[in-house]
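What follows is each chain in one-letter form.
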Amino acid sequence: MSDNEREARRARLDALRAAGIDPFPARVEAVERVAAVRAAHEAATEEALDAEPPQTAIAGRVLALRSFGKLLFLTLVEDGVRIQVSARKQEIPPELFAAVKQVDVGDFIRVEGVVWRTKKGELTVDVRGLTLLAKSLRPLPEKWHGLSDVETRFRQRYLDLLANEQARDIAFLRSRVISGLRNFLDERGFLEVETPVLQAIYGGAAARPFTTHHNTLDQDLYLRISDELYLKRLVVGGLDRVYEIGHNFRNEGVSRKHNPEFTMLECYQAFADYRDMMDLTEGMVAEAALRAVGRTSIEYQGEKLDLAGPWPRITIRDAIAERAGVDILAAPDLPALQEAVRAEGLSPGDAPTWGVLVDELFSAHVEPHLLQPTFVTDHPVELSPLAKRSSEDPRLVERFEPFVAGMEIGNAFSELNDPDDQRERFVEMGRAREQGDDEAHPMDEEFLLALEHGMPPTGGLGIGVDRLVMILADAPNLREVILFPQLRRDEGTPSPEDG
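Within every chain, residues take consecutive numbers counted from 1 along the sequence as written. Side-chain atom pairs in this predicted model are given and counted only at pLDDT of 80 or more, local residue features only at pLDDT of at least 70, and totals for whole chains, interfaces and linings cover all residues. Hydrogens and water molecules were not included; the side-chain quantities draw on all heavy atoms of the structure.

**Q** Would you mind going over the overall build of the protein chain with me for this structure?
**A** Strands are runs of DSSP state E lasting at least 2 residues, helices are runs of H or I lasting at least 4, and numbering of each runs from the N terminus. Looking only at helices and strands, one finds 15 helices and 19 strands in the protein chain. The globule rule used for comparison is 2.2 Å times the number of residues to the exponent 0.38, while the radius of gyration itself is calculated over C-alpha atoms. Here the protein chain has a C-alpha radius of gyration of 29 Å; the compact-globule value for 499 residues is 23 Å, and the former is much larger. The buried share of the protein chain, taken over its 499 residues, is 47%. Across the protein chain, the fraction of contacts at a sequence separation of at least 24, relative to all contacts at a separation of at least 6, is 66%. Residue-level accessible areas treat just the shown protein chains as cover; the underlying method is Shrake-Rupley with a 1.4 Å probe. Per element, the accessible surface of the protein chain, about 24,700 Å² overall, is 50% carbon and sulfur. Asp and Glu are treated as the negative residues and Lys and Arg as the positive ones, with His and the ends of the chain left uncounted. In this description, the location of a charge corresponds to atom NZ of lysine, CZ of arginine, CG of aspartate or CD of glutamate. Of the side-chain charges in the protein chain, 59 are positive and 86 negative, and the distance between the mean point of each set is 8 Å. The cut-offs for exposure are 20% and 50% of the maximum accessible area for each residue type, with area from a 1.4 Å probe on protein chains only; residues under the lower value are buried, those over the upper are exposed, and the others partly exposed. Whether two residues are in contact is decided by their heavy atoms: any pair within 4.5 Å suffices.

Next up, the structure:
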């Protein structure tokens, strides 16, 4: 925006105040919704409206202005619905016509008038009274070009929502997805709960936390990386079906699939296992798709996907064998697995453990090919410290990850409820931390105390809401579906320390 344009808007603001007009009044007189006005008169002909002109009062933001000398047209938008407003010099007092001419694009106004239809058939409200509700001191993005700078789109999302119809559509789609997830669980007897975001001991995932400090308690606290350990405490307490939709925080990098602050749905069902959670996942994702886009057959980045169940189920062993030619269970330790990888002409890299190498093989050779919804099951125990061991192979756990469009969208277990086994897993993770793994799970004595009081067999599931929305919105980047994604600080943005 040029300095001259801003100065001109400031001058109009000063003139309004000098004339005793409040450019930011607190109260808005009664109005009709623009959508209601359109619905009530959309079918009326020009002749019918002229014969008996309906009266209305509407409010909204001015998105466009067109002047034809003695005739002015404004485009007004309220809650995403647009309507044309006209001012005809010969039909209104001079001071009212002058007031309309002083309106800027971006201003919020209330208009009283009569509904008519132009020769081109456009439903229009002809001004009979105008009230300024809020003065805009900066212009909006140009209507047809919108925001071309990606950084500006995300830093000033309010402008993106005004200029970009798709951004607005995604915001509404996201709301429908969350409503669908919530409705699905509510109908099955799950109780929505809230658990602490500030935690004395973080846990429930392998991740680095954000650390803060409580001044009064003189105690370091952590932003949660998962809801899991608190939700399982509630199952111990007799709340057999619980869920939470909330924000988690992980001190990690930013990519098209990662944001340090993200939304998770976690749910836990007593007397269930990971097979039950697969059935739950299929139904819940299908419900979210139906609520969001009206169908389970969708397209993501040119790939046709069918989200309706049943989804294929494949073990991580079979998936790696199929894509990389390596049988992970035939190579029981790290040296043997490294040799098996080399035998296939692949590089084993520098993975520190057998489980990590399994995970790297899967990520490199399998994950990109999992386009259709698929459950990948039976993961290494060392990567799953909170899951119950497989009865068929103690090196594995009863765990699955759902994949769609080459992305993991969740994680689920038959939850470990043996407190002694859980303690041993925490101890093992402690050794990993001592060896430099800063994402290894910490010891949590309070959680172990809860388990010692007894937790029934339980199935647990976490769904990454942002990634699910990304797929349903056909968005290439997570930042498109998070209204305010994390960005590097703009050098021109003052920090709190700047005063």
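**Q** I keep staring at a negative patch on the surface and nothing clicks. Help me out?
**A** Each patch is built from salt-bridge-free residues with over 30% relative accessible area, joining like charges within 9 Å and nonpolar side chains (Val, Leu, Ile, Met, Phe, Trp, Tyr) within 5 Å. One speaks of a salt bridge when a side-chain nitrogen belonging to Lys or Arg is within 4 Å of a carboxyl oxygen belonging to Asp or Glu. Side chains of D418, D420, E424 and E452 sit close together on the surface and give a patch of like negative charge. With respect to the helices and strands, D418 occurs in the loop between β18 (410–414) and α13 (419–434).

**Q** Would you take a moment to explain the packing of helix α7 (residues 165–187) against helix α15 (residues 465–472) for this structure?
**A** The axes of two packed helices give the description: the angle between them and the distance between them. Lines fitted to the C-alpha atoms define the axes, with helices restricted to the stretch that makes contact. Angles between their N-to-C directions range from 0 to 180 degrees. Two numbers describe how α7 lies on α15: the axes approach to 10 Å, and their chain directions differ by 120 degrees. One element, α7, and the other, α15, form an angle in the oblique class. Crossing angle aside, the handedness with which α7 passes α15 is right-handed. Judged by residue contacts, L173, R174, V177, I178 and L181 of α7 engage V465, D466, L468, V469 and L472 from α15. For classification, angles of less than 35 degrees are called roughly parallel, those exceeding 145 degrees roughly antiparallel, those between 65 and 115 degrees roughly perpendicular, and all remaining angles oblique. Crossing handedness follows the turn of the near helix against the far one: under a right angle anticlockwise gives a left-handed crossing, and clockwise gives a right-handed one.

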